[in-house]
Amino acid sequence: MATTDAEFVEATPLEELTDEGRKLLSVNGTAIALFHHEGEVRAVDNRCPHMGFPLAEGTVDDGILTCHWHHARFELSCGDTFDPWADDVQTYPVEVRDGIVYVNPTPEREKPPAEHWADRLETGLEENLRLVVAKSTIGLLDAGVDYEEPVATTLEFGTRYREMGWSSGLTILGCMANLMDDLEPEDRKRALYTGVRHVASDCAGEPPNFDQPSFSTSEVEFDRLKRWFRDCIEVRDSDGAERCLRTAVAAGHDERAVAEIVFAAATDHPYLSAGHVLDFSNKAFECLEHVGWEFADETLASLVDQLTDATRSDELSSWRQPTDLVSLLEDVYGGDVGETSGLEALAAEGGDQSWTAPEGFQDLLLSDDPAAIVDGLATAVGEGATTEQLAAQVARAAGRRVAQFGTANEFSDWNTVHHTFTYANAVHQASRRTNAVELYRGVFDGAMSVYLDRFLNTPPAPVPEPGDNDTGRDPERVLEDLLETFDEEGGVNEAGRLVGEFFDCGGESAALESTLARGLLREDAGFHTLQNVEAAFRQSDLAADDEAFRRLPMIATARYMAAHFPTRREAEQTFTIAARLNRGESIHAGE
């Protein structure tokens with residue numbers, strides 16, 4: 001094959017191509033399929049853009065090239081596909097000179113890789129195509145695109161194309177974005193793929209959202225907007241609530257102020273929808289930290305239906321019988337559940353005092369006396385405890401419930417302790433965003449949920465304390481054993497013990513997080529498992545200066561993961577196929 005100029009290379013005699021109908025040639029490692037069809041010469045990349053099957057083995061009829069593996073169809077002259085799941089195939093310019101066919105193997109790209117994969121990401125979201133989502137997320141990160149860009153695209157899609165608003169898919173997206181700094185480069189791609197595919201699945205077949213506009217004035221006082229929003233949520237008026245919230249954003253109120261509005265409504269009734277409402281609200285704000293406040297309007301408006309449609313725990317018998325927990329809370333709050341006057345008085349009493357958790361405070365939170373728990377928290381507020389300080393204490397108690405979950409319980413009861421833990425983590429994270437007095441209610445509500453979960457620690461599973469498992473082993477070997485516990489059932493307690501051993505042998509938190517993330521992302525992990533791991537990482541990082549509390553959430557989540565693994569790992573298979581295809585490897589030929 002002779003080069004005739006800087007662009008075209010000699011391919012084959014035209015007569016030979018006409019007789020055979022097709023030819024395969026290789027130019028600098030690129031396989032090109034040549035076709036003679038309807039008197040014209042066409043050249044395309046031999047690799048089907050869907051899964052790499054050789055198109056030279058396909059069928060050409062009526063101007064359409066059909067791949068024989070999954071029947072993807074391409075318009076032969078331009079390479080455009082009939083099937084969105086397949087992508088367009090690269091075409092190459094051809095010339096015929098003196099009976100010889102020449103091909104330009106290096107045409108100018110129609111789009112740079114980043115732009116191409118951004119377009120394909122939108123197609124993957126719109127059509128709920130897992131392989132397309134996998135290839136595009138991998139392609140974007142390989143092209144040097146910051147993960148925040150596809151997260152922003154997915155966040156915008158998820159809030160616009162799901163009428164019922166925020167749900168598990170967008171929460172998973174937020175969890176995965178939060179994990180990015182803890183991951184190895186390849187696992188960052190897995191995490192992004194995980195978040196995007198869950199949003200695509202959530203939106204599949206759903207009607208789009210139609211916005212309610214903000215009010216045409218920005219002169220409404222903040223306190224009045226906050227009151228209007230809460231009143232609308234109380235009577236389950238989603239349209240009115242959306243207009244109030246959009247007006248708060250449009251009027252230029254900052255994140256701290258808007259967070260106060262949202263979290264006030266999210267705590268007007270205790271433990272809404274088993275904690276999901278406050279957790280979802282917190283994840284929405286965390287997503288905005290990754291993509292920017294300019295997405296606040298659509299993102300936060302998507303929370304409204306979760307708030308108006310929520311199950312209210314003060315209407316549940318478990319919060320009323322045999323002990324009326326709601327009445328205990330009302331006595332502190334200052335009247336009805338939605339009140340805060342009592343909390344405001346306690347906070348004022350605390351003033352500028354500095355509070356440190358007294359000895360035995362965790363034991364109090366884990367006790368079986370709800371009145372004593374409420375009194376202890378109220379005393380702490382009056383002594384100057386901040387929402388963040390108390391939220392951290394409740395989150396630690398909730399983490400212990402997961403760490404000590406007894407495997408003799410029904411499997412579904414894992415979700416009960418999990419919900420309390422992720423709720424408590426959300427209150428803790430929210431308290432770092434705004435010091436609104438209403439968040440004290442989230443602290444108290446979380447503590448009551450910890451109390452309600454007490455029977456799931458009867459008897460408590462053993463939690464390795466610092467120094468219990470100092471075997472002197474190489475921490476890396478301990479991590480290898482930890483991953484193996486996720487490969488078979490029955491490794492719940494061993495997973496917790498190995499995390500304790502890892503720390504006792506001098507292992508670093510970053511290595512443990514990376515390993516747990518690898519174990520998580522190779523599985524078809526469910527919504528709750530993805531939530532649990534992310535919350536555990538956040539809580540462990542926040543307790544970095546306290547050895548006992550730093551390890552507790554990691555022990556808890558390792559046990560939770562071991563209880564829910566292994567899975568079929570279908571998503572990992574799709575990811576692996578996509579990665580190999582993007583590298584140009586052959587899939588159809590097998591291993």
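Heads up: the structure comes first, above all this text.
Residues numbered from 1 in each chain as written. Predicted model: local features only at pLDDT ≥ 70, side-chain atom pairs only at ≥ 80, totals over all residues. Heavy atoms only, no water.

**Overview of helix α17 (residues 387–403)**
Between its terminal C-alpha atoms α17 stretches 24 Å, which fits the 24 Å expected from 17 residues at 1.5 Å a residue. Across the 17 residues that make up α17, a large majority, 15, are buried. (Helix = DSSP H or I, 4+ residues; strand = E, 2+ residues; numbered from the N terminus. Expected span 1.5 Å × (residues − 1). Buried < 20%, exposed > 50% of the residue type's maximum accessible area, 1.4 Å probe, protein only.)

**Considerations on a negative patch on the surface**
Taken together, the side chains of Glu38, Glu40, Asp61 and Asp62 present a region of like negative charge at the surface. Inspection of the secondary structure puts Asp62 in the loop between β5 (59–61) and β6 (64–66). (Patch = residues over 30% accessible without salt bridge, like charges linked within 9 Å, V, L, I, M, F, W, Y side chains within 5 Å. Areas by Shrake-Rupley, 256 points an atom, 1.4 Å probe, with all protein chains shown as cover. Salt bridge = Lys/Arg side-chain N within 4 Å of Asp/Glu carboxyl O. Lys, Arg positive; Asp, Glu negative; His and termini not counted. Charge placed at Lys NZ, Arg CZ, Asp CG, Glu CD.)

**A look at the state of the cysteines**
Across all of its chains, the model carries zero disulfides by this definition. This cysteine, Cys48, is not joined by any disulfide, and Cys67 carries the nearest cysteine sulfur, 3.9 Å off. What makes Cys67 buried here is its relative accessible area of 2%. (Disulfide = S-S within 2.5 Å.)

**Some remarks on the sheet that holds strand β3 (residues 30–37)**
Consider a sheet: its strands pair through backbone hydrogen bonds, and that pairing is either parallel or antiparallel. Judged by pairing direction, the sheet is antiparallel, and its three strands sit side by side in the order β2-β3-β4 without closing on themselves. The outermost strands of the open sheet, each flanked by one partner alone, are β2 (22–27) and β4 (40–45). Pairs of neighbouring strands in the sheet enclose a mean axial angle of 25°, with direction left out of account. Pairing analysis gives six bridges linking β3 to β4, with the strands arranged antiparallel. From the neighbouring strand, His36 faces β4, where its bridge partner is Val41. (Pairing = 2+ DSSP bridges. Axes fitted to C-alpha atoms, helices over the stretch in contact; angles between N-to-C directions.)

**Structural notes on the pairing of β3**
In this sheet, β3 lies alongside β2 in antiparallel orientation, the contact comprising six bridges. Of the residues in β3, the one forming a bridge with Ser26 is Ala31. Taking the residues between adjacent antiparallel strands as the criterion, β2 and β3 are bridged by two residues, where Asn28 takes a positive phi near 50°. With antiparallel pairing between neighbouring strands as the criterion, β3 and β4 make up a hairpin whose turn holds two residues, including Glu38 at a positive phi of roughly 55°.

**Thoughts on the sheet that holds β6**
Spatially, three strands are ordered β5-β6-β7 in an open sheet, and the strand pairing comes out antiparallel. Of all strands in the sheet, those bounded by a partner on one side alone are β5 and β7 (73–75). Between one strand axis and the next, the sheet turns through 25° on average, direction left out of account.

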